[in-house]
Every structure is written in structure tokens, then in C-alpha cells.
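Each chain is listed here by its residues.
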Amino acid sequence: MKTIRRTAGRGLAMLLALVLACGMAMAAYGADTTSLDLSRSGSVTLTLADGDGVAVSGGAVTLYQVATLTLDDGNMAYAYTDAFSGCGAALDVEDTSLAETLADYVASEGVSGTTLSIGSSGTVSFGGLELGLYLVVQTTESDSYEIISPFVVTVPLEEDGAWAYDVDASPKVGAVTPVEPEEPEPDESEEPEPDKSTTTTTTTTTDTLPQTGQLNWPILVLGVSGTVLFLVGWYLTRSDRKRTEYAK
């Protein structure tokens with residue numbers, strides 16, 4: 001019986017210690033939010049650079065206010081703006097997939113935001129912002145660089161136990177991998193162009209014999225002469241036969 005009482009006593013002691021610890025943590029957090037000035041405005045500044053630290057200029061970035069910030073019994077609370085009230089996503093600033101979900105909602109619903117061009121130093125700054133949660137989307141790519149992934153940022157941002165109302169973000173930008181252009185498919189309706197590197201010789205054959213300048217009269221003379229010679233030979237051969245018969 002004593003053993004059961006000791007075990008129960010130890011359990012109650014541990015539970016009391018846990019409650020006290022949680023209460024101290026909540027008190028510390030609540031004390032921190034008392035320094036939060038909701039009447040202030042903030043800013044978000046982006047500095048785009050590649051993996052080598054080279055500034056990436058050109059393109060444009062759009063900023064959307066996703067939620068407003070309030071204090072509820074000393075605790076920070078966010079509430080969707082009218083533009084994002086129908087997105088259907090749980091408002092959890094720690095959720096890494098929240099930015100992609102909100103970016104898809106913006107694209108499908110045509111939600112408007114504030115768009116600024118990226119300067120030559122790779123920097124773009126949005127000022128005069130109401131405190132709350134913001135979505136950052138690069139809507140126009142920089143030349144030869146990939147578009148940065150959408151992300152969310154809170155204004156203000158807690159840093160080292162203090163509130164930073166001017167938030168700096170430095171997303172890394174990846175270079176675009178060059179792609180060899182595809183050769184266009186030949187159009188079958190058009191005749192292919194001849195290969196200029198090969199010389200093509202075309203021979204045309206006709207039924208007319210080429211003229212050589214030779215006259216036709218020698219053919220007639222040779223024909224007549226041959227006939228005469230044939231007759232003379234025939235006559236002489238016949239005469240010899242008759243002589244032979246008379247001699248017998």
C-alpha cells in the first residue's frame with residue numbers, strides 16, 4: 001500500500017514540475033510579446049545572388065499579404081486576409097509546404113499583389129507593410145537564372161529575443177542549365193535544299209545525234225563504187241568460166 005502511495009506521489013510531483021515549467025515558458029513568451037508594437041509598419045528586402053555570391057539582377061518579385069497579426073491574451077495570432085480566406089490551407093507558419101499551396105492559390109484565383117523589379121544589385125525592397133504574414137513569389141525570371149521558390153515571411157521577425165520589423169531575406173538563385181535547341185522537323189511539303197558542299201552534275205540525253213561537220217556525199221560515192229566493182233568482178237568471173245568450157 002505504501003509502495004502505491006509513493007508511486008502516486010512521485011507521479012504527482014513530476015506532473016506539477018511539468019506544469020510549472022510550461023507556465024514559466026508561457027510567461028516568458030508572453031513577456032516577450034508585450035514589447036511588440038502593432039502600430040508599427042515593417043519592410044521586406046530581398047537580395048538575390050547565385051551560389052558564388054554574384055548578384056542576380058532583372059526580373060520581378062511580387063509580394064502578397066496573406067494574414068494579419070493580432071495579440072490574443074498576450075499570444076501572437078494570425079488571421080487570413082479576405083484575398084486568402086478561401087485558400088483552405090491551415091494557417092501554420094512552420095509548415096514548409098504552405099508557400100507552395102498559397103502560390104498555387106494565387107495563380108489559380110488571380111490574387112493581386114505588389115510587384116517590383118529587381119535592381120542591378122539584385123535587391124528589391126517592399127516598405128510600409130502592415131504587420132502579418134507575407135508570401136514572396138518571383139513572377140518574372142532573371143536572365144539566365146531560375147525562378148526562386150515561393151516562401152513566406154513574417155513581419156516582424158523574432159531575432160535574438162528582439163523583434164525585427166525590417167526583414168532581410170537572401171534566397172539563393174540557381175543558374176539555368178543550357179539546353180541545346182531542337183532541330184526543326186523538315187516540312188514534307190517543301191523540297192529539300194541541295195547540299196551546297198556537294199557538286200551535282202546533271203546530264204541531259206536527247207534523241208538527236210550531235211553534229212560533227214561530216215558531209216553525206218562520200219557515202220553515195222562509196223556505195224556506187226562498190227556496186228560497180230561488184231559487177232565488174234562478176235563479169236570477169238563469168239568470162240573466165242566460158243573460156244574454160246571452150247578450151248575443153
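Calculation criteria
Residues numbered from 1 in each chain as written. Predicted model: local features only at pLDDT ≥ 70, side-chain atom pairs only at ≥ 80, totals over all residues. Heavy atoms only, no water. Helix = DSSP H or I, 4+ residues; strand = E, 2+ residues; numbered from the N terminus. Buried < 20%, exposed > 50% of the residue type's maximum accessible area, 1.4 Å probe, protein only. Contact = heavy atoms within 4.5 Å. Areas by Shrake-Rupley, 256 points an atom, 1.4 Å probe, with all protein chains shown as cover. Pairing = 2+ DSSP bridges. Axes fitted to C-alpha atoms, helices over the stretch in contact; angles between N-to-C directions. Phe/Tyr/Trp six-rings, centres within 6.5 Å; stacked < 30°, edge-to-face > 60°. Lys NZ or Arg CZ within 6 Å of the ring centre and 35° of its normal. pLDDT = per-residue confidence, 0-100. Core = buried A, V, L, I, M, F, W, Y, C linked by side-chain atoms within 4.5 Å. Expected span 1.5 Å × (residues − 1). Arc of directions from axis to C-beta.

Chemist: Help me understand the overall build of the chain, please; the structure alone is not making it clear to me.
Modeler: Per the secondary structure count, the chain includes three helices and 10 strands. Ordering the α and β elements of the chain from the N terminus gives α-β-β-β-α-β-β-β-β-β-β-β-α. Relative to its full complement of 248 residues, the chain shows a buried share of 25%. Intrachain contacts of the chain at a sequence separation of at least 6 include 69% that bridge at least 24 residues. A total accessible area of about 18,400 Å² is found for the chain, and carbon and sulfur atoms account for 55% of it.

Chemist: Before we go on, may I ask you to explain the sheet that holds strand S10 (residues 166-169) in this structure?
Modeler: Neighbouring strands of a sheet are bound in pairs by backbone hydrogen bonds; such pairs are parallel or else antiparallel. The strand order across the open sheet formed by three strands is S5-S1-S10, and the pairing between neighbours is mixed. Looking along the sheet, the strands with just one partner apiece sit at the ends: strand S5 (123-129) and S10. Mean inter-strand twist for the sheet, computed between neighbouring axes without regard to direction, equals 10°. The pairing of strand S1 (residues 42-47) with S10 spans four bridges and is classified as parallel. Paired with Ser-43 across the strands is Asp-166, a residue of S10.

Chemist: Before we go on, may I ask you to explain the packing of aromatic side chains in this structure?
Modeler: Two aromatic rings are characterised by how far apart their centres lie and by the angle between their planes. In this structure the tally under the stated criterion is one aromatic pair. Relative to Tyr-105, the ring of Phe-84 has its centre 6.0 Å away and its plane inclined at 40°; by these criteria the two rings are tilted. Of the two residues, Phe-84 sits in the loop between strand S3 (75-80) and helix H2 (98-109) while Tyr-105 sits in helix H2, which places them 21 residues apart along the sequence. Residue Tyr-105 is classed as buried on the basis of its relative accessible area, which comes to 15%. Its end group placed over the ring of Tyr-165, Arg-40 keeps NZ or CZ at 3.9 Å from the ring centre.

Chemist: Just to check I follow, could you spell out the side chain of Thr-81 for this structure?
Modeler: If you trace the backbone, Thr-81 turns up in the loop between S3 and H2. Each residue touching Thr-81, except ones within four places of it in the same chain, is listed here: Gln-65, Val-66, Ala-67 and Thr-68.

Chemist: Teacher, can you tell me more about unusual backbone geometry here?
Modeler: The omega angle of the peptide bond from Val-155 to Pro-156 is 5°, so this bond is cis rather than trans. Its location among the elements puts Pro-156 in the loop between strand S7 (151-155) and strand S8 (157-159). Residue Ser-144 is not a glycine yet carries a positive backbone phi of 70°. Within the secondary structure, Ser-144 is located in the loop between strand S6 (132-140) and S7. Assessed through its relative accessible area of 49%, Ser-144 is described here as partly exposed. Phi at Asp-160 is positive, roughly 55°, even though this residue is not glycine.

Chemist: Honestly, the confidence of the model for the chain in this entry has me stumped. Any pointers?
Modeler: In low-pLDDT segments, the atomic positions of the prediction should not be examined closely. Averaged over all residues, the pLDDT of the chain equals 76, while 63% of them reach at least 70. In this model, residues 11-31 is a region of pLDDT below 50 whose contacts with residues beyond four sequence positions or in other chains number three contacts. Note on residues 198-217: pLDDT under 50 across the span, and zero contacts to partners over four residues away in sequence or across chains.

Chemist: Mind showing me how you'd approach the pairing of strand S2 (residues 60-72) here?
Modeler: Each regular strand shows side chains that alternate between the opposite faces of the sheet. Looking at chain direction, S2 and strand S4 (residues 114-117) are connected through four bridges and run antiparallel. Paired with Val-61 across the bridge in S4 is Leu-116. Taken together, the eight bridges between S2 and S6 define a ladder with antiparallel strand orientation. Within S6, the residue paired with Thr-62 across the bridge is Val-137.

Chemist: Please clarify how the nonpolar core should be interpreted in this entry.
Modeler: The tendency in soluble globular proteins is for nonpolar side chains to be buried as a group. Leu-46, Leu-48, Val-61, Val-136, Phe-151 and Val-153 are the most contacted members of the largest nonpolar core, which totals 26 residues. At the level of elements, S1, S2, S5, S6, S7 and S10 are the ones that each hand at least two residues to this core. Those residues in contact with Leu-48, other than ones at most four positions away along the chain, are Val-54, Ala-55, Val-56, Ile-118, Gly-122, Gln-138, Ile-148, Pro-171 and Val-173.

Chemist: I tried to follow H2 on my own but got confused; where do I start?
Modeler: Since one α-helical turn is 3.6 residues long, residues separated by three or four positions face the same way. With 12 residues, H2 should cover 16 Å at 1.5 Å per step; its first-to-last C-alpha distance of 16 Å lies within 8% of that length. Listed as buried for H2 are Leu-98, Ala-99, Leu-102, Ala-103, Tyr-105 and Val-106. Down the axis of H2, the buried side of the element spans an arc of 160°, and every buried residue falls inside it. Those residues of H2 that are exposed and angled more than 90 degrees off the buried face are Asp-104, Ala-107 and Ser-108. Residues of H2 that are buried make contact with S2, S3, S6 and S7. At the C-terminal side of H2, Gly-110 shows a positive phi close to 65°.

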